[in-house]
Amino acid sequence: MVAILGGGIAGLTAAFELEQQGIDFELFEASDHIGGKIRSERIDGFIIEHGPNSLHSSSALLQRVIQTCELEEHQLFAHEDAKKRYVVRNSIPRALPTSPPALLSSDYFSWSTKLRLAREPFIAKFEGNNEESVAQFIRRRLGQHVLDYAVDPFVTGIFAGNPESLSLRHAFPSLFEMEQQEGSLLRGLLTRKKESNGSSGRPIFSFQEGVQMLSDAIANRFRDHIHTNKSVISIAPSGKRWRVETAEDERVESHNFDAVISTIPLPQLAEVSLKVDLDLAPFNKVSYPPVTVVTMGFEASAIAHPLDGFGMLVPLKEKSKRILGTIFASSVFPSHAPEGCVQLTTLIGGTRQPDMSRLTDDLLEYFVLDDLHELLGIYGDPILVQYNHWKTAIPQYNVGYGVVKALINNLEALHAGLFFAGNYRQGISVSDAMESGYNAAVRTAKLLR
Ligand SMILES: Cc1cc2nc3c(=O)[nH]c(=O)nc-3n(C[C@H](O)[C@H](O)[C@H](O)COP(=O)(O)OP(=O)(O)OC[C@H]3O[C@@H](n4cnc5c(N)ncnc54)[C@H](O)[C@@H]3O)c2cc1C
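None of the values given here were measured: they were computed from a predicted structure.

**Student:** Explanation requested: the overall build of the chain in the structure shown.
**Tutor:** Along the backbone of the chain there are 16 helices and 21 strands. Over its C-alpha trace the chain gives a radius of gyration of 22 Å, about what one expects of a compact globule, namely 22 Å for 449 residues. C-alpha extents for the chain along the principal axes are approximately 65 × 55 × 40 Å. Looking at the chain as a whole, 43% of its 449 residues qualify as buried. Sequence-distant contacts, at least 24 apart, represent 72% of the contacts inside the chain between residues at least 6 apart.

This is how it looks when you write it as structure tokens:
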């Protein structure tokens, strides 16, 4: 019998795989919600995403889960017209060129930046032993301007983090490998394009009722084995087995298991008594900045901007703005807003301005509307406003993250039957968290057979 700790997508995927392999498990979740950061809600005809808003379909595991859970008919692919990515410059959203010919013909970058880009294949690859930050890497290969107006906003959009702190090797391993293997990003991108037969690859999708349809469908396979409102308070070896203590209000229960898969995020794991033979201090140093998601619904006629894209990102250079970026949610998935209405999902806080995410809802509404008014030409009040405050949103794979990964590997190597998974392990996307849960289940199954 296996204990799975945490009912986010990593824990659910671990449970899914154990179920497939015929191994018994019980899953303990501290809250009354299954899905962790995945949280979708239908309000007044809007499908609101408080956490992840979309997925990429390149993961074979994700495809297998979707098929097994018979979710294909509910899949919703991003609208064709939602491909443009806007980046704010001098308070104006500008569409980022999406292909080399578009880059050459557009005035998004100056000619000196375009010439700098043309030099990229001739720049020597990084040979040092230390970890480079994302900013150091981009500055070296593509120059400051590309860092400021292309990479910084995307890093903010993915990690809500800072490219000066994030480790290239751990946060963006595919870019690191591209340089190491091909010696150039441009060559690496061309090779990948050839390998994928020119297709742009990773269609973006969600589900009719939002991303939570995925976590709900997985959980529905084994509801009887999921225990909500049971917070894990201690994990300790007990002979060759593991004792897990859970608390529900004042009631503490203790259970013994052959193996434990913990998917508890590191800030919450720090509060659990974990009896192991290694110093867990590196876990406490991992930064998880807060992020607040502000969802607003408007009459379409209240917005001057055509919202003809996926969304708009705000670079650090745009000092006067308070928001990190806005997803044009109903342009990506038109059925996520009622007829004649639009939905905008704005992120605020992150590493850049953690204090902004802790403001009262009234102040948040004021600042978000103020920025949106200037950037998108919004006139009139929203017809819907929803907030979700994530106190510890996304783990930052900062320079030095190798120490954290090594600690996880050592913990597993030294303690038979103790496994770890979650978005702090092999990537922060939903599909990365799923892969980590799957891998932990496979290692568990191998041990128990
Ligand atoms: C605002 C936001 C937007 C995002 N957008 C996207 C996106 O568009 N696409 C994408 O791919 N990814 C996105 N992500 C990232 C992705 O959603 C997460 O990385 C992923 O869902 C994390 O899954 P997880 O299972 O590792 O952790 P979590 O979802 O955090 O699950 C951990 C679970 O453990 C539980 N827990 C905590 N302590 C205990 C305890 N003591 N005992 C028992 N249970 C406990 C928690 O309650 C939680 O349910 C986004 C994240 C955020 C915050």
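**Student:** Can you walk me through the site of the ligand in this structure?
**Tutor:** Taken together, 37 residues lie around the ligand, and Gly6, Gly8, Gly36, Pro52 and Asn423 are the ones closest in. The dominant element in the shell around the ligand, judged by the number of residues it contributes, is helix α1 (residues 9-20), at three residues. Counting contributing residues per domain, the shell around the ligand is built from domain 1 (2-38 + 211-286 + 397-448) and domain 3 (289-390), each supplying no fewer than three.

**Student:** Would you explain the sheet that holds strand β14 (residues 259-262) in this entry?
**Tutor:** Two pairing modes exist for strands in a sheet, parallel and antiparallel, and in both the strands are linked by backbone hydrogen bonds. On the basis of which strands lie adjacent, the open sheet formed by five strands has the order β10-β2-β1-β14-β21 and parallel pairing. Looking at strand neighbours, the two that pair on one side only are β10 (226-227) and β21 (418-420), the edges of this open sheet. Each of β1 (2-5), β2 (25-28) and β14 is contacted by α1, which is oriented at about 155° to β1, the strand it contacts most. Taken strand by strand, helix α16 (residues 430-448) contacts β1, β14 and β21, and its axis lies near 175° from that of β14.

**Student:** Just to check I follow, could you spell out the domain arrangement of the chain for this structure?
**Tutor:** When the parts of a complex come together, some accessible area is lost, and that lost area is often taken as the interface size. One can read the domain layout of the chain as domain 1 (2-38 + 211-286 + 397-448), domain 2 (109-123 + 131-195) and domain 3 (289-390). Summarising the inter-unit geometry, the C-alpha centres of domain 2 and domain 3 are found 27 Å apart. Between domain 2 and domain 3, the contact holds 10 residues from the first and 14 residues from the second. Residue composition of the side of domain 2 that touches domain 3, grouped by class: four nonpolar, four polar and two charged.

**Student:** I tried to follow the nonpolar core on my own but got confused; where do I start?
**Tutor:** Looking at soluble globular proteins, one finds that nonpolar side chains tend to be buried together. Formed by 113 residues in total, the largest nonpolar core has its most connected members in Ile4, Ala14, Val134, Val260 and Ile261. Considering each element in turn, this core owes the most residues, seven residues, to α1.

**Student:** Looking at this structure, how should I read the pairing of strand β4 (residues 46-49)?
**Tutor:** The side chains of a regular strand alternate, residue by residue, between the two faces of the sheet. Side chains of β4 alternate between two faces, with Phe46 and Ile48 and Ile47 and Glu49 buried alike. Count of turn residues in the strand β3 (residues 40-43)/β4 antiparallel hairpin: two residues, of which Asp44 carries a positive phi of about 50°.

**Student:** How should I be thinking about the packing of helix α5 (residues 134-142) against helix α6 (residues 144-159) in this particular structure?
**Tutor:** The description of two packed helices rests on the angle between their axes and on the distance between the axes. Contact geometry for α5 and α6: axes closest at 9 Å, N-to-C directions at 140°. Relative to α6, the element α5 is oriented oblique. Seen from above, α5 lies across α6 with right-handed handedness. Contacts between α5 and α6 involve Val134, Ala135, Ile138, Arg139 and Leu142 on the former and, on the latter, Gln144, Val146, Leu147, Val151 and Val155. Counted by class, the contact of α5 with α6 contains eight nonpolar, one polar and one charged residues.

**Student:** Please explain the sheet that holds strand β13 (residues 251-257) as it appears in this structure.
**Tutor:** The mixed open sheet is built from four strands, whose spatial order is β13-β12-β11-β15. Every interior strand has two partners, whereas the edge strands, β13 and β15 (273-274), have only one. Sheet topology note: the strand β11 (residues 231-238)/strand β12 (residues 241-248) ladder contains seven bridges and is antiparallel. Across the sheet, the residue bridging to Ala236 is Arg243, located in β12.

**Student:** What should I look at first to understand the environment of Ile394 in this one?
**Tutor:** Along the chain, the position of Ile394 falls in the loop between β20 (384-390) and α15 (401-414). Ignoring any residue separated from it by four or fewer positions in sequence, one finds Ile394 in contact with Phe159, Ala160, Tyr288, Val291 and Ile428.

**Student:** Help me out: how do you make sense of unusual backbone geometry in this one?
**Tutor:** If a residue is not glycine, its phi is most likely negative; likewise, a peptide bond is most likely trans. Despite not being glycine, Asp249 shows a phi value in the positive range, around 50°. One can find Asp249 in the loop between β12 and β13. Within the chain, Leu307 stands out as a residue other than glycine whose phi angle is a positive 50°. Locating Leu307 in the fold gives a position in the loop between β16 (291-299) and β17 (311-313).

**Student:** Help me understand the environment of Leu71 in this model?
**Tutor:** If you trace the backbone, Leu71 turns up in the loop between α2 (60-68) and β6 (75-77). Along the primary structure Leu71 and Ala217 are separated by 146 residues, whereas in three dimensions their C-alpha atoms are 7.7 Å apart. Setting aside anything within four residues of it in sequence, one finds Leu71 in contact with Ile66, Phe207, Met213, Leu214 and Ala217.

**Student:** Quick question: what am I supposed to make of the pairing of strand β8 (residues 92-95) here?
**Tutor:** Looking at chain direction, strand β7 (residues 85-89) and β8 are connected through four bridges and run antiparallel. Bridging across to β8, Val87 finds its partner in Arg94. Between β7 and β8, which follow one another and run antiparallel, lie two residues, and Asn90 among them has a positive phi close to 50°.

**Student:** Where do I start with the environment of Asn423 in this structure?
**Tutor:** Along the chain, Asn423 turns up in the loop between β21 and α16. Judged by local crowding, Asn423 falls into the buried class, with 25 C-beta atoms found within 10 Å. Separated by 387 residues in the primary sequence, Asn423 and Gly36 have C-alpha atoms spaced 11 Å apart. Setting aside residues no more than four positions away along its own chain, Asn423 makes contact with Ala10, Pro395, Ile428, Asp432 and Ala433.

Definitions and cut-offs
Residues numbered from 1 in each chain as written. Predicted model: local features only at pLDDT ≥ 70, side-chain atom pairs only at ≥ 80, totals over all residues. Helix = DSSP H or I, 4+ residues; strand = E, 2+ residues; numbered from the N terminus. Rg over C-alpha atoms; globule rule 2.2 N^0.38 Å. Buried ≥ 20, exposed ≤ 12 C-beta atoms within 10 Å, placed from the backbone. Contact = placed C-beta atoms within 7 Å. Near = placed C-beta within 6 Å. Domains from an automatic or database assignment. Pairing = 2+ DSSP bridges. Axes fitted to C-alpha atoms, helices over the stretch in contact; angles between N-to-C directions. Nonpolar A, V, L, I, M, F, W, Y, C, P; charged D, E, K, R; others polar. Core = buried A, V, L, I, M, F, W, Y, C linked by C-beta atoms within 7 Å. Parallel < 35°, antiparallel > 145°, perpendicular 65-115°, else oblique. Left-handed = near helix turned anticlockwise from the far one by under 90°.

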